[in-house]
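Below, each chain spelled out in residue letters.
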Amino acid sequence: MTARNIDGKALSEKVREEIAQQAAELTAKGVQPCLAVILVGEDPASAVYVRNKVAGCEKAGFRSLKFSYPADVAPEQVFAKIAELNADTSVHGILVQLPLPKQFDSEKVLEAISPEKDVDGFHAVNFGLLLQGRKSFYPCTPWGVMKMLESENVQVKGAEAVVIGRSNIVGKPMSVMLLSKGATVTICHSQTRDLAFHTRRADILVAAVGKAKMITGDMIKPGAVVIDVGMNRDENGKLCGDVDYASASQVASLITPVPGGVGPMTITMLLANTLESARRALNQA
Ligand code: NDP
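Rules used in this analysis
Throughout, residues of each chain are indexed from 1 in the direction in which the sequence is written. At least 70 in pLDDT is required for a residue's local features to be given in this predicted model, at least 80 for side-chain atom pairs to be given and counted, and no such filter applies to totals for whole chains, interfaces and linings, which use all residues. Calculation of side-chain values draws on the structure's entire complement of heavy atoms; hydrogens and water are dropped beforehand. Definition of nearness: a residue and a molecule or strand are near each other if at least one heavy atom of the residue lies within 4 Å of the molecule or strand. Side-chain atoms alone can form a polar contact between residues adjacent in sequence; in general such a contact is a pair of N or O atoms within 3.5 Å, and within protein one must be able to donate a hydrogen while the other accepts it. Under the convention used here, a 1.4 Å probe and the Shrake-Rupley method define accessible areas, while residue burial counts only the protein chains that appear. Throughout this entry, Asp, Glu, Lys and Arg are counted as charged residues, while Ala, Val, Leu, Ile, Met, Phe, Trp, Tyr, Cys and Pro are counted as nonpolar. The remaining residues, Gly among them, count as polar. Strands are runs of DSSP state E lasting at least 2 residues, helices are runs of H or I lasting at least 4, and numbering of each runs from the N terminus. Any two residues whose heavy atoms approach within 4.5 Å at even a single point are treated as in contact. In these notes, a set of buried Ala, Val, Leu, Ile, Met, Phe, Trp, Tyr and Cys residues joined through side-chain atoms within 4.5 Å is what counts as a nonpolar core. With a 1.4 Å probe rolled over the protein chains alone, any residue whose accessible area is under 20% of its type maximum counts as buried; one over 50% counts as exposed, and the rest are partly exposed. Reported domain spans reflect what an automatic or database domain assignment gives.

Asker: So what's going on with the site of the ligand? Residues and values would help.
Answerer: Residues in contact with the ligand amount to 19 residues; listed here are only the nearest, R166, S167, S190, K211 and T266. Here S190 contributes a side-chain N or O atom positioned 2.5 Å from an oxygen atom of the ligand. Within the backbone of M231, an N or O atom sits 3.0 Å from an oxygen atom of the ligand. In isolation the ligand offers 930 Å² of accessible surface; the protein chains occlude 70% of this area. Residues of the shell around the ligand, tallied by class, amount to seven nonpolar, ten polar and two charged.

Next up, the structure:
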């Protein structure tokens with residue numbers, strides 16, 4: 001079997017067009033969606049992520065605000081900016097780019113953002129709502145994965161889903177989203193005894209580990225849907241996922257490539273959350 005690619009780039013472009021159209025409608029009614037991004041330090045990868053988020057906003061017709069601080073900034077200064085943005089009714093989404101320098105307690109920073117403006121979906125209130133199956137801002141990467149599955153009409157209800165990774169950003173929320181759509185979910189992590197035993201049972205396999213090409217074709221059930229969240233560099237410095245695409249694509253039925261799979265969907269869902277927050281602001285006005 002040779003797998004078909006799920007084209008995250010094409011899906012992302014389609015969803016962003018819809019978002020831009022809805023943003024124009026909201027703007028015409030007097031509420032232009034606005035995302036504020038806070039960047040601390042000079043980490044080059046973070047700078048690229050922030051640049052892409054700002055560019056994504058502008059292309060969709062959003063207003064974007066960017067606040068940059070040196071790596072040795074006093075945390076109080078960043079907390080003061082978050083408080084100011086929480087109070088600013090023209091701002092609908094606030095995002096603090098992670099990782100933060102060591103003088104910061106990241107959890108405290110994320111909790112300082114108002115849950116109503118937490119468009120990354122990382123606040124404990126939003127995570128709790130997600131766990132309870134209630135409306136919240138969903139974390140962008142797993143939500144993007146759900147959109148990809150939906151776009152391909154993948155049957156989630158009743159499926160055996162295996163998620164590798166249990167981070168608060170990807171693995172855990174991914175598992176909860178699959179569970180809420182009716183999958184039977186297994187979560188694997190670094191302490192899992194026999195990883196391949198679990199992965200070989202998966203109708204839907206999501207890899208969110210951060211280890212280049214660790215999931216090989218022999219670990220995959222024939223015909224499975226394979227979602228590769230990983231973003232790593234291979235031995236030649238080339239971008240690659242957690243899944244060994246060459247062997248996995250011979251066994252799976254659908255697979256996300258890296259690059260061009262899950263990656264483009266993450267910022268798209270960030271825009272979707274910001275749009276939703278702006279819509280709520282308009283409804284409240
Ligand atoms: P974390 O490092 O926070 O989590 C990695 C998870 O993998 C942990 O739960 C860890 O287990 C588990 N793990 C580590 N080694 C193994 C192993 N040998 N077998 C099974 N599980 C293992 O990473 P993130 O969740 O933040 O990110 C995961 C990957 O996804 C990274 O490559 C990251 O770059 C990428 N990513 C991509 C995004 C995108 O937009 N495409 C967005 C966010 C992340 P334990 O908990 O026991 O330590």
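On we go.
Asker: Before we move on, can you summarise the side chain of K53 with the specific residues and values?
Answerer: Mapped onto the elements, K53 comes out in helix α2 (residues 44-59). At 2.8 Å, the side chain of K53 forms a polar contact with the side chain of Q97. Contacts of K53, omitting those with residues within four sequence positions, involve L95, Q97, I267 and L270.

Asker: I'd like a rundown of the nonpolar core, residues and numbers included.
Answerer: Ranked by internal contacts, the top residues of the largest apolar core, which has 52 residues, are L149, L178, I204 and I227. Considering every element that reaches this core, the biggest residue donor is helix α10 (residues 263-284), with eight residues. Two domains each donate at least three residues to this core, and these are domain 1 (30-114) and domain 2 (140-263). If sequence neighbours within four positions are ignored, I204 has contacts with L149, V154, Q155, V156, A159, E160, A161, V162 and V225. Counting residues in each nonpolar core, the second largest holds 19 residues, with C188, L205, V226 and V251 among its members.

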